[in-house]
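Structural description and commentary
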Amino acid sequence: RIGEPPYIQMQDFLKQPFRFRQLTERSKYENKMTAVAWWQMRILDLKECMKQTSLSCEKIKFNLILDDPIKKHLDKTSKWQGIGGDYTITLGKKCKAAPGHEKGLPVMAAGVGAFTGMWLGFRPASTLAVSDNLHADAKLLDRLDEAFLLPDAKPDWAF
């Protein structure tokens, strides 16, 4: 047994987390992992989410290359094709996401899941850079860790 350290999900570090589960089922040395997720979060409209965000930090601007793997599962004629693409992100009292990149800004490459996790404050950017699909230079990661120092998200009420 292992308890997960704060801000880290151990499964993120396993290449094949369920590989030995079936092989060892009902044996004396059964390999078993139990995890429960009551909800899953995902940004569906990046521009609107950023517009509704206000952070208590100095202005931070960076270019974002956002990967949205859902696109490969959508019909080409679908009106919504995910949110992947190139953006210029501005964070601070007023946040925004604008299409395209601005020259001279630091660059972050991230999957929509990792970016959502950072935006909601589930895990710091520096942790996501180690455990998930989020890549940026150390200086930008440090600034993002400070900007998204948010209370734990409580999206549901268990009773």
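That block above? That's the structure.
Residues numbered from 1 in each chain as written. Predicted model: local features only at pLDDT ≥ 70, side-chain atom pairs only at ≥ 80, totals over all residues. Heavy atoms only, no water.

A short note on the environment of Thr88
Locating Thr88 in the fold gives a position in strand β2 (residues 85-91). Given a relative accessible area of 4%, Thr88 falls into the buried group. For Thr88, the residues in contact, after removing those within four places along its chain, are Lys61, Phe62, Asn63, Lys96, Ala97, Ala98, Gly100, His101, Glu102 and Leu105. Here the side chain of Thr88 touches Gly100 through a polar contact of 2.9 Å, landing on its backbone oxygen. Within the structure, Thr88 has its side chain in polar contact with the backbone nitrogen of Glu102 (distance 3.4 Å). (Helix = DSSP H or I, 4+ residues; strand = E, 2+ residues; numbered from the N terminus. Buried < 20%, exposed > 50% of the residue type's maximum accessible area, 1.4 Å probe, protein only. Contact = heavy atoms within 4.5 Å. Polar contact = N/O pair within 3.5 Å; in protein donor to acceptor, adjacent residues only side chain to side chain.)

Let's talk about the environment of Thr116
Within the secondary structure, Thr116 sits in helix α3 (residues 112-119). Separated by 72 residues in sequence, Thr116 and Leu44 have C-alpha atoms that sit 9.6 Å apart. Beyond its immediate chain neighbours, meaning those up to four positions away, Thr116 contacts Met41, Arg42 and Ile43.

Section: the pairing of strand β4 (residues 107-111)
The sheet contact formed by strand β1 (residues 60-67) and β4 spans five bridges and is parallel. Bridge pairing in β4 places Asp67 opposite Gly111. In this sheet, strand β5 (residues 134-135) lies alongside β4 in antiparallel orientation, the contact comprising two bridges. Among the inter-strand pairings, Ala110 is bridged to a residue of β5, identified as Leu134. (Pairing = 2+ DSSP bridges.)

A word on the pattern of salt bridges
This model, assessed by the stated rule, comprises three salt bridges. Of the charged contacts in the structure, one is a salt bridge between Lys51 and Glu48, with a shortest N-O distance of 3.8 Å. With a gap of three residues between them, Lys51 and Glu48 both fall in helix α2 (residues 46-51), about one helical turn apart. Under the relative-accessibility criterion, Glu48 is labelled partly exposed at 35%. Of the charged contacts in the structure, one is a salt bridge between Glu102 and Lys61, with a shortest N-O distance of 3.0 Å. With Glu102 in the loop between β3 (96-99) and β4 and Lys61 in strand β1, this residue pair connects regions lying 41 residues apart in the sequence. A relative accessible area of 37% means that Glu102 is categorised as partly exposed. By relative accessible area, Lys61 is classed as partly exposed at 26%. (Salt bridge = Lys/Arg side-chain N within 4 Å of Asp/Glu carboxyl O.)

Purely spatial values, then, with no claim about function.
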